[in-house]
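# Descriptive structure summary
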Amino acid sequence: MNESINLLDFDEDAMTAFFAEQGEKPFRARQVLKWIHQRFCADFDAMSDLSRLTREKLKTVASMTLPAVTRDTAAADGTRKWLFDVGNGNAIETVYIPEDDRGTLCVSTQAGCMMDCAFCATGKEGFNRNLTTAEIVGQLWQANKILLSENVNPPWVDAGRAPITNVVLMGMGEPLSNFKNVVAALKLFLSDNAYGLSRRRVTLSTSGIVPMIDALKDACPVALAVSLHAPTDALRDTLMPVNRRHPLSELMAACRRYLERAPRDFITFEYLLIRDVNDRIEHARGLIELTREVPCKFNLIPFNPFPGSPYAAPTSDRLFSFQKTLMDADLIATIRKKRGDDIAAACGQLAGQVKNRVRYRLNEVSKRHETLREEKAKMCATKHRVCPSTLSVKKEIL
Ligand code: SF4
């Protein structure tokens, strides 16, 4: 078996191209996609509508390799957390949140994260690498397969749907820093020959990498959530280093552009409330002003403390006053229910296992680029020509 071609890395176009290379018709690609992503089959021999010759050929050139579950933890409220081995001592976390009318899966897109947000357990772990498309989609595949095998499925499974009805890219990592693999995974989530989810049921959450929000709008617009967490650049700079590169005015403009093609007519702003940091009425008033021209909803998330974190959760009074201030301004502001708190599966608590970390983080990358930019500017000035952007290395990282 050739491990180098993993069919779970292929979206529909890539699968079709692969089958064309094998001298097969396009419909074979669709058949195999359905076997893998709708029947959760990872065994060529079981693909009974393929000829024996095709199955034997596939076995020699391709594989169907999935991340393996190494730990399965259930919370009292039904939330599940799976730890997936992604090689070289690294593990990522995926959370399943069952509700009466939906089953939501929160998937990871990177082993670790380099965005270095001050309040985030994943950010504190550092960064190892981007996940492959197979590793991102594999989380959804495994969750569906496990839930189906347990035969305790929600009613919509009887109607032929998979247990997972909604996917949120809010686990470990910044999805827009792993753009190519994430977009291929999104296309599989949406494809009628794979998971067939509507764009409204797939939500990508970003820390706010402005050029990549525009790129997502063009490549595969799904519902967008933006981690805001502060109403001013001065405060957001201290909580989220990405803000120093993409300040709030640019972020709000990108959100307005995204809405031109978004499947929902609003952006969800996630706002983590941290005691005495960003939880006062003046912060809520700042948000009202900031988002005046962006149709939006707020999802307020009380901070979940994790070991070593310097921050605390807001008091209930502060939380509800904050919500009321937004709602009095005719904004929709919900408070996210705490789920999976007892298994460290709540927002901001996912840490996985990140080995062989990249030692630099976003702050350090910024400094490195400033130095590079200055050096390049000096060189360009000497040559008397216009200096091109020197930010390509950072763009690759982001
Ligand atoms: S909040 Fe998101 S973007 Fe920020 S460090 Fe954590 S995982 Fe990365």
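Everything that follows concerns the structure shown earlier in this document.
Thresholds applied
- Residues numbered from 1 in each chain as written.
- Predicted model: local features only at pLDDT ≥ 70, side-chain atom pairs only at ≥ 80, totals over all residues.
- Helix = DSSP H or I, 4+ residues; strand = E, 2+ residues; numbered from the N terminus.
- Buried ≥ 20, exposed ≤ 12 C-beta atoms within 10 Å, placed from the backbone.
- Contact = placed C-beta atoms within 7 Å.
- Near = placed C-beta within 6 Å.
- Nonpolar A, V, L, I, M, F, W, Y, C, P; charged D, E, K, R; others polar.
- Pairing = 2+ DSSP bridges.
- Core = buried A, V, L, I, M, F, W, Y, C linked by C-beta atoms within 7 Å.
- Axes fitted to C-alpha atoms, helices over the stretch in contact; angles between N-to-C directions.
- Parallel < 35°, antiparallel > 145°, perpendicular 65-115°, else oblique.
- Expected span 1.5 Å × (residues − 1).
- Bend = angle between axes of the 7 residues up to and from the residue.

### A closer look at the overall build of the protein chain
When its secondary structure is counted, the protein chain shows 15 helices and 12 strands. Considering the protein chain as a whole, with its 398 residues, one finds that 43% of them fall into the buried category. Expressed as a percentage of contacts within the protein chain between residues at least 6 apart in sequence, the contacts between residues at least 24 apart total 68%.

### Structural notes on the site of the ligand
The local shell around the ligand consists of Cys113, Met115, Asp116, Cys117, Cys120, Thr122, Gly123, Met172, Gly173, Glu174, Ser207 and Ser227. Grouping the amino acids of the shell around the ligand by side-chain chemistry returns 5 nonpolar, 5 polar and 2 charged.

### Some words on the pairing of strand β1 (residues 68-74)
Bridge count for β1 against strand β2 (residues 80-85) is 6 bridges, and the pairing is antiparallel. Counterpart to Thr73 in the pairing with β2 is Lys81. Where β1 folds back on β2, the antiparallel hairpin that results is connected by 5 residues, among which Gly78 adopts a positive phi of roughly 95°.

### A short note on the nonpolar core
One recurring pattern in soluble globular proteins is that nonpolar side chains are buried together. Grouped together as the largest cluster of nonpolar side chains are 102 residues, with contacts concentrated most on Leu140, Leu186 and Phe189. Here the element with the most residues in this core is helix α7 (residues 179-190); it accounts for 8 residues. The contact partners of Leu186, leaving out residues within four places of it in the chain, are Val202, Cys220 and Val222.

### As for the sheet that holds strand β11 (residues 296-302)
Pairing within the open sheet is mixed, and its 10 strands lie in the order β1-β2-β3-β4-β7-β8-β9-β10-β11-β12. Strands with a single pairing partner mark the edges of an open sheet, and in this sheet they are β1 and β12 (332-335). Ignoring strand direction, the axes of neighbouring strands in this sheet form an average angle of 20°. As defined by bridge partners, strand β3 (residues 91-99) adjoins strand β4 (residues 102-106) across 5 bridges and the pair is classed as antiparallel.

### Observations regarding the environment of Ala121
Relative to the helices and strands, Ala121 resides in helix α4 (residues 121-125). Along the sequence, Ala121 and Ser309 sit 188 residues apart, while their C-alpha atoms lie 8.0 Å from each other.

### Some remarks on the packing of helix α8 (residues 210-219) against helix α11 (residues 248-258)
Running from N to C, α8 and α11 point in directions that differ by 0°, and their axes come no closer than 9 Å. One finds that α8 runs roughly parallel with respect to α11. Counting all contacts with α8, which are made through Val210, Ile213, Asp214 and Lys217, the residues of α11 involved are Glu250, Leu251, Ala254, Arg257 and Tyr258. Looking at the contact of α8 with α11 residue by residue, the class counts come to 5 nonpolar, no polar and 4 charged.

### Focus on helix α5 (residues 133-149)
An ideal rise of 1.5 Å per residue puts 24 Å on 17 residues; α5 measures up with 24 Å between its terminal C-alpha atoms. Of all bends in α5, the biggest is about 25°, found at Gln139. Residues Thr133, Ala134, Glu135, Ile136, Val137, Gly138, Gln139, Leu140, Trp141, Ala143, Asn144 and Leu147 constitute the buried set of α5. Looking at the residues trailing α5, positive phi occurs at Asn151, about 55°.

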